[in-house]
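Summary of structural features
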Protein chains: 2
Amino acid sequence: MDAAAIREKLEATGLRCTPQRYTVMSFLMAHHDHPTAAEIFAAVNTADPRLSRATTYNNLRDLVEAGLVREVATEGRAARYDATGEQHHHFICDRCGKMEDIPWHPVPSPTANALGKRVVRECELIIRGLCTQCAPHRRTTPKPPTSKPSNHRSHN
Amino acid sequence: MDAAAIREKLEATGLRCTPQRYTVMSFLMAHHDHPTAAEIFAAVNTADPRLSRATTYNNLRDLVEAGLVREVATEGRAARYDATGEQHHHFICDRCGKMEDIPWHPVPSPTANALGKRVVRECELIIRGLCTQCAPHRRTTPKPPTSKPSNHRSHN
DNA sequence: ATGCCAACTTAGATTATGTCTAAGGTGAGA
DNA sequence: TCTCACCTTAGACATAATCTAAGTTGGCAT
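Since we're looking at a predicted model, the values are computed, not measured. (Residues numbered from 1 in each chain as written. Chains lettered and ligands numbered in written order. Predicted model: local features only at pLDDT ≥ 70, side-chain atom pairs only at ≥ 80, totals over all residues. Heavy atoms only, no water.)

1. Quick notes on the sheet that holds strand S3 (residues 88-93) of chain A
The six strands lie next to each other as S4(A)-S3(A)-S5(A)-S5(B)-S3(B)-S4(B), forming an open sheet whose pairing is mixed. In this open sheet, the two strands that pair with only one neighbour each are strand S4 (99-103) of chain A together with strand S4 (99-103) of chain B. Strand-to-strand twist in this sheet, taken as the mean axis angle between neighbours without regard to direction, amounts to 30°. Looking at chain direction, strand S5 (residues 119-130) of chain A and strand S5 (residues 119-130) of chain B are connected through 11 bridges and run antiparallel. The residue of S5 of chain B that forms the bridge with Val 120 of chain A is Gly 129 of chain B. (Pairing = 2+ DSSP bridges. Helix = DSSP H or I, 4+ residues; strand = E, 2+ residues; numbered from the N terminus. Axes fitted to C-alpha atoms, helices over the stretch in contact; angles between N-to-C directions.)

In structure tokens:
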């Protein structure tokens, strides 16, 4: 997506297209691996050292409120973001914690009975299991290369 | 579930049934509202002041690793826990952020094609929308009583 | 029975993540 | 050209989680 399109997207929601905001939005649209706020900050701050941490967080919040970006639900402590393009499901690896996108397919909503007066906007699937890299190992060595540290209580 | 049953559950996974661990497990089995680690600590520490914060976190991690407890995926920053009893889906309110359980119903796994070599353990639904309390309001006042603070950049 | 050792607990320090404060910059429209 | 709302910023602060180093406990080998 080109610059003008991003600008339009932002302005359509009432947000000014500042250089900082543009940079954050543009980064998110180019990275579909659910970066954390810290990762986004590191990347955009390297690209443009003017961009401060507070601004990164402010802009992420603004973009989420505007509906241009979503905060994905994960077990980790750091919030992860995703420029809402096409909808997709998520796969979370039990062993390495990695989160991957799974192509969208519609899922059945619970019965009206189970939902009561709740109003449903969307239904997303969280699939758990072993990712392509971890599946062959099954339950051998505890953790693969880059992952959640997970250093249990290794004690002394 | 009585004390002996909890003890057996713990010992079946190789964990000692210490008073502290028992207290944490027992609390989680009695509360199905996805308490945060901080809430769990506050509750168990009040019940038994010997129980320290580090121990609460250590035990939660041990229980999760043992598969007796799960850490639920949420957008919030604090991890939330759930004693794995019967499976259920989750509903997250867009407006107040509350997470509620939805009775289980089986959901279709994605096609083998979309999954590749991944091994699926379970599929959980995350349903988003407006909860019973928030639905009537639709998009009127920004937030209900007890919720995510959400105090945007209110500035000066 | 005793001593060992791994599992466990603990208080407090430390790290990681996110938010707030107070000040200043920017630009569209009066 | 003034103004005011919107925006950015550095750094202080708050919150959530983990680590450290020391002590406790209990099963078990001797």
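2. Quick look at the relation of the copies chain B and chain A
Mapping chain B onto chain A calls for a rotation angle of 179° and an axial translation of 0.0 Å; the resulting RMSD is 0.2 Å. Taken together, the turn and the small shift mark the pair as related by a two-fold rotation axis. (Least-squares fit on C-alpha atoms with pLDDT ≥ 70 in both.)

3. Overview of the interface of chain B and chain A
Taken together, the 45 residues of chain B in the interface contact 46 residues of chain A. Of the roughly 4000 Å² buried between chain B and chain A on both sides combined, carbon and sulfur atoms contribute 52%. If you look at where chain B meets chain A, you find eight salt bridges. At the surface where chain B touches chain A, the tally comes to 14 residue pairs in polar contact (both at pLDDT 80 or more). Counting residues per element, the ones that place at least two in the side of chain B that touches chain A are helix H4 (53-66), strand S1 (69-72), S4, helix H5 (112-115) and S5 of chain B. By residue number, the principal contributor to the side of chain B that touches chain A is S5 of chain B, which donates 12 residues. Split into classes, the residues belonging to the side of chain B that touches chain A amount to 20 nonpolar, eight polar and 17 charged. (Contact = heavy atoms within 4.5 Å. Buried area = accessible area lost by both parts, 1.4 Å probe. Salt bridge = Lys/Arg side-chain N within 4 Å of Asp/Glu carboxyl O. Polar contact = N/O pair within 3.5 Å; in protein donor to acceptor, adjacent residues only side chain to side chain. Nonpolar A, V, L, I, M, F, W, Y, C, P; charged D, E, K, R; others polar.)

4. Section: the protein's contact with DNA strand D
Not every one of the 27 residues close to DNA strand D is listed here, only the nearest: Thr 18, Arg 21, Arg 50 and Thr 55 of chain A together with Ala 79 of chain B. Atoms of DNA strand D within 4 Å of the protein belong to the sugar or the phosphate in 71% of instances, the rest to bases. Here a phosphate oxygen of DNA strand D and a side-chain polar atom of Tyr 57 of chain B are 3.0 Å apart. Within the backbone of Ala 79 of chain B, one N or O atom sits 2.6 Å away from a phosphate oxygen of DNA strand D. Elements supplying a minimum of two residues to the surface near DNA strand D: helix H2 (19-30) and helix H4 (53-66) of chain A together with H4 of chain B. Element by element, the count of residues in the surface near DNA strand D is highest for H4 of chain A, at five residues. (Near = heavy atom within 4 Å.)

5. Overview of empty space enclosed by the protein
Across all of its chains, the model carries one cavity of 30 Å³ or more by this definition. Taken as a whole, the largest cavity holds about 40 Å³ of empty space. Partitioned by chemical class, the residues of the lining of the largest cavity number three nonpolar, four polar and five charged. (1 Å grid on protein atoms, 1.4 Å probe; cavity = no way out; pocket = protein on both sides within 12 Å on 5 of 7 lines; lining within 4 Å. Points joined across faces, edges and corners; volume = space filled by probe spheres on them.)

6. Structural notes on the nonpolar core
Counting residues in each nonpolar core, the largest one holds 26 residues, and the members touching the most others are Phe 91, Cys 93 and Leu 125 of chain A together with Phe 91, Cys 93 and Leu 125 of chain B. Within the residue set of this core, elements represented by two or more residues are S3 and S5 of chain A together with strand S3 (88-93) and S5 of chain B. Ignoring any residue separated from it by four or fewer positions in sequence, one finds Leu 125 of chain A in contact with His 89, His 90, His 105 and Val 107 of chain A together with Val 107, Pro 108, Cys 123, Glu 124 and Leu 125 of chain B. (Core = buried A, V, L, I, M, F, W, Y, C linked by side-chain atoms within 4.5 Å. Buried < 20%, exposed > 50% of the residue type's maximum accessible area, 1.4 Å probe, protein only.)

7. Details of unusual backbone geometry
Residues and elements named next belong to chain A. One non-glycine residue, His 34, lies in the positive phi region at around 55°. Relative to the helices and strands, His 34 resides in the loop between H2 and helix H3 (37-47). Classification of His 34 by relative accessible area gives buried; the value is 1%.

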